[in-house]
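Chain by chain, the residues:
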Amino acid sequence: MAFAPLPLTPYTPPRPRSLSPLAGLIRTAWNGDGNLLTLLPASAYRMRIGQLGWSRRTTWIINDPEAARAVLVDSDDVYPKSDLMTGALEPLIGDSIFTSSGPRWRQQRRMIDPSFSAVRVAAGYRFMTGAVDAFQQRLEGLAGSGEAFSLDAAMSDLTADVICRAVFGSPLDGGASAEAFAAFHVFERSVAQVELGRLIFDPPFKPVPQKPEVLEACAAIRRLLADLLDNRPAGGDDMASAILAARDPETGAAFTREEVIDQLGVLFLAGHETSASALIWAVFILAQRPELRARLRAEVQEVAGNGPITMEMAKRMPFVRNIFRETLRLYPPITFLPRVAIRDTVVGGVKMKRGAMLMISPWTMHRHQGHWDQPDVFDPDRFTGTREAAIKTGTYIPFGTGPRVCAGAAFATTEAILILAELFRRWDFEVLDADKVQPAARLTTRPAEQILVRIRPA
Ligand code: HEM
């Protein structure tokens, strides 16, 4: 039986107010948090391709979808991942699939892709439901006590548990995995996708030294990953086993042990931090909007009744999926996809110098006034019917595009639908100090200050 959707009232969730370039720079310097979002001038949401004038190396924002695609597809290896980003991530994930470029990246992608096939996502679904069930028990305790808790930390714990189960076949319940995530939080707090100070002051290709405590945290995480790898349950259908079994289809080569640890680091980093970021924003938005919750609940009830949500059911929840998609539009976890030009080049008709930083920015692309109707309004129905068909190709890129598109997109989408459906069918979230919430771009798009919530039964 079809349900009649309640009309949605326009809702604009928080974003930093754009200032002039100089005022934005002063504000960001004053805040001292390196948040690139407070720096972006209003023109960044209107320009096709334009320079951010305050950096020593030339930095371009590319909002033209065709030009962005040309850079991201990069069949000639002219635009590798930016040296600022790879330098920052290297101590944790080496020259792995996320950071490498050219032939080395192509070989790793060939080997890793089977670990993310539809079959593997289906096999991983039980890991997701296991983590969600454990999380529900924790929420029952929190609802009983009425205690306020950090939504950021809760979502990170949940997605960390999902990825831990999927990669190693065992939950994040203390021991090596919990230690790995504690060290990971040190890393997350200290490292940005694009470190603002370096972007402004450093010339291109200057090495990125890391603070000793970050190097220590990375070494600890890598030791713990090795531990988890060696002590995982035998004969499981986890992702670590798939990576160990991976062979280059062209040469038959396997990953070395160090390379396996690199790739496990990527799964930790790319596989839980991003999903946690998206879920924090989705829960925050749903908590503000009763009509969104009502439609979500009606859909979950219609598809799954009061029983468990199977993977096949999760695929039949378009409204929940569109909430997730619209959240990824307004709060893309990977705020920028930074690339560097390794020679003088022309992008979208604009000449760029060797060493220029090319910021393809899901954040500005998704809020661009020329690409979207009411760009800052949260409207999940824009992904339905003729409205979806009218979305300009290449303007919606939360998972990137081209050959380096996110390998875990199907995994992340299934995980998010399951989590949102399960959480909101049972709970109402009350956000404390909702009017103080603002986004910040660090390692991912996170709330500038942690969001505190209380829950009660829906
Ligand atoms: C909402 C969740 C997620 C978002 C928004 C997201 C977004 C992205 C984006 C934008 C890229 C491309 C970066 C670039 O081109 O510079 C990427 C790459 C990647 N992601 Fe995700 N991701 C998510 C979840 C996941 C999960 C759950 C996994 C693993 C289980 C994963 C694994 C990867 C890997 C391995 C790459 C590197 C692909 C390559 O360079 O060949 N991601 N992701």
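Please refer to the structure higher up on the page.
Calculation criteria
Residues numbered from 1 in each chain as written. Predicted model: local features only at pLDDT ≥ 70, side-chain atom pairs only at ≥ 80, totals over all residues. Heavy atoms only, no water. Donors = N, O, S within 2.8 Å, 3.2 Å for Na, K, Ca; no water. Helix = DSSP H or I, 4+ residues; strand = E, 2+ residues; numbered from the N terminus. Pairing = 2+ DSSP bridges. Phe/Tyr/Trp six-rings, centres within 6.5 Å; stacked < 30°, edge-to-face > 60°. Lys NZ or Arg CZ within 6 Å of the ring centre and 35° of its normal. Buried < 20%, exposed > 50% of the residue type's maximum accessible area, 1.4 Å probe, protein only. Contact = heavy atoms within 4.5 Å. Near = heavy atom within 4 Å. Polar contact = N/O pair within 3.5 Å; in protein donor to acceptor, adjacent residues only side chain to side chain. 1 Å grid on protein atoms, 1.4 Å probe; cavity = no way out; pocket = protein on both sides within 12 Å on 5 of 7 lines; lining within 4 Å. Sits in = over half its atoms within 2 Å of the grid points. Nonpolar A, V, L, I, M, F, W, Y, C, P; charged D, E, K, R; others polar. Salt bridge = Lys/Arg side-chain N within 4 Å of Asp/Glu carboxyl O. Points joined across faces, edges and corners; volume = space filled by probe spheres on them. Axes fitted to C-alpha atoms, helices over the stretch in contact; angles between N-to-C directions. Parallel < 35°, antiparallel > 145°, perpendicular 65-115°, else oblique. Left-handed = near helix turned anticlockwise from the far one by under 90°. Arc of directions from axis to C-beta.

Engineer: Please clarify how the coordination of the iron atom of the ligand should be interpreted in this entry.
Structural biologist: Ideal geometry at a metal centre: 109.5 degrees between donors when four sit tetrahedrally, and 90 or 180 degrees when six sit octahedrally. Counting protein donors to the iron atom of the ligand gives just one, C406 (SG), placed at 2.3 Å. Here C406 shows up in the loop between helix 16 (385-389) and helix 17 (409-426).

Engineer: For this particular structure, what's the right way to read the sheet that holds strand 3 (residues 149-150)?
Structural biologist: Strands pair in a sheet through their backbones, by hydrogen bonds, and they do so in one of two ways: parallel or antiparallel. Taken in spatial order, the three strands line up as 3-11-8 in an open sheet, and their pairing is antiparallel. One side of each edge strand has no neighbouring strand; the edge strands of this open sheet are strand 3 and strand 8 (427-431).

Engineer: It is not clear to me how the packing of aromatic side chains should be interpreted in this structure. Could you clarify?
Structural biologist: Geometry of an aromatic ring pair is reported as the spacing of the ring centres plus the angle between the planes. Under the defined criterion, the tally for this structure stands at eight aromatic pairs. Taken together, the ring pairs in this structure connect W281, F284, Y331 and W363 into an aromatic cluster. Lying across the ring of F98, K81 places its NZ or CZ 4.0 Å from the centre.

Engineer: Help me understand the environment of G355 in this model?
Structural biologist: Positionally, G355 belongs in the loop between strand 6 (350-352) and strand 7 (357-360). For G355, a relative accessible area of 1% corresponds to the buried category. Residues G355 and R343 lie twelve residues apart in sequence; the distance between their C-alpha atoms is 7.0 Å. Discounting chain neighbours no more than four positions away, the residues touching G355 are R57, P204, F205, V340 and A341.

Engineer: It is not clear to me how the site of the ligand should be interpreted in this structure. Could you clarify?
Structural biologist: Not every one of the 27 residues close to the ligand is listed here, only the nearest: W105, R109, R339, R404 and C406. Within the contact set of the ligand, an oxygen atom lies 2.8 Å away from a side-chain nitrogen or oxygen of R339. In this structure, the ligand is accommodated by the largest cavity. If you list the elements that add at least two residues to the shell around the ligand, you get helix 4 (102-112), helix 11 (257-288), helix 14 (318-330), strand 4 (337-340) and helix 17. Examining the composition of the shell around the ligand, we find that five residues originate from one element, helix 11, more than from any other. When the residues that make up the shell around the ligand are grouped by side-chain class, the tally is 18 nonpolar, five polar and four charged.

Engineer: Which parts of the structure should I look at to understand the pattern of salt bridges?
Structural biologist: Two side chains of opposite charge can pair, provided their charged atoms sit close to one another. Taken as a whole and judged by the stated rule, the model has 32 salt bridges. The residue R222 makes a salt bridge to D262 at a minimum N-O spacing of 2.8 Å. In this pair, R222 is assigned in helix 9 (residues 212-230) and D262 in helix 11, connecting sequence segments 40 residues apart. D262 matches R222 in its accessibility class, with the two residues each being buried. Measuring nitrogen to oxygen at the nearest pair gives 3.0 Å for the salt bridge that ties R295 to D381. Linking R295 in helix 12 (residues 290-304) with D381 in the loop between helix 15 (362-366) and helix 16, this pair joins segments that are 86 residues apart in sequence.

Engineer: Explanation requested: the layout of surface pockets in the structure shown.
Structural biologist: Quantified by volume, the largest pocket comes out at close to 640 Å³. Of all elements in the fold, only helix 1 (21-31), helix 6 (151-168), helix 7 (175-190), strand 9 (439-441) and strand 10 (445-447) reach the threshold of two or more residues within the lining of the largest pocket. Grouping the constituent residues of the lining of the largest pocket by class yields seven nonpolar, eight polar and eight charged. Along the wall of the second largest pocket there are 17 residues; nearest its centre are R321, A409, A410, T413 and T414. Elements with a contribution of two residues or more to the lining of the second largest pocket: helix 5 (118-145), helix 13 (311-314), helix 14 and helix 17. No other element matches the five residues that helix 17 contributes to the lining of the second largest pocket. Residues of the lining of the second largest pocket, tallied by class, amount to twelve nonpolar, two polar and three charged.

Engineer: Got a minute to help me understand the packing of helix 11 against helix 14 in this structure?
Structural biologist: Angle between the axes and distance between the axes: these two values describe a pair of packed helices. Between helix 11 and helix 14, the shortest axis-to-axis distance is 9 Å and the interhelical angle comes to 110°. Here helix 11 is positioned roughly perpendicular relative to helix 14, judged by the angle of their axes. Along this stretch, helix 11 crosses helix 14, giving a crossing that reads as right-handed. Here A278, W281, A282 and L286 of helix 11 come into contact with helix 14, specifically with I323, F324, T327 and L328.

Engineer: Can you walk me through helix 1 in this structure?
Structural biologist: Structural remark: α-helix, 3.6 residues per turn; residues separated by three or four positions point the same way. G24, R27 and T28 are the residues of helix 1 that are buried. Relative to the axis of helix 1, the buried residues are bounded by an arc of 95° and lie together on one face. Residues of helix 1 that are exposed and point more than 90 degrees away from the buried face comprise L22, I26, A29 and W30. Those residues of helix 1 hidden inside the fold are in contact with helix 8 (196-201). One or two residues past the end of helix 1 sits G32, with phi positive at roughly 65°.

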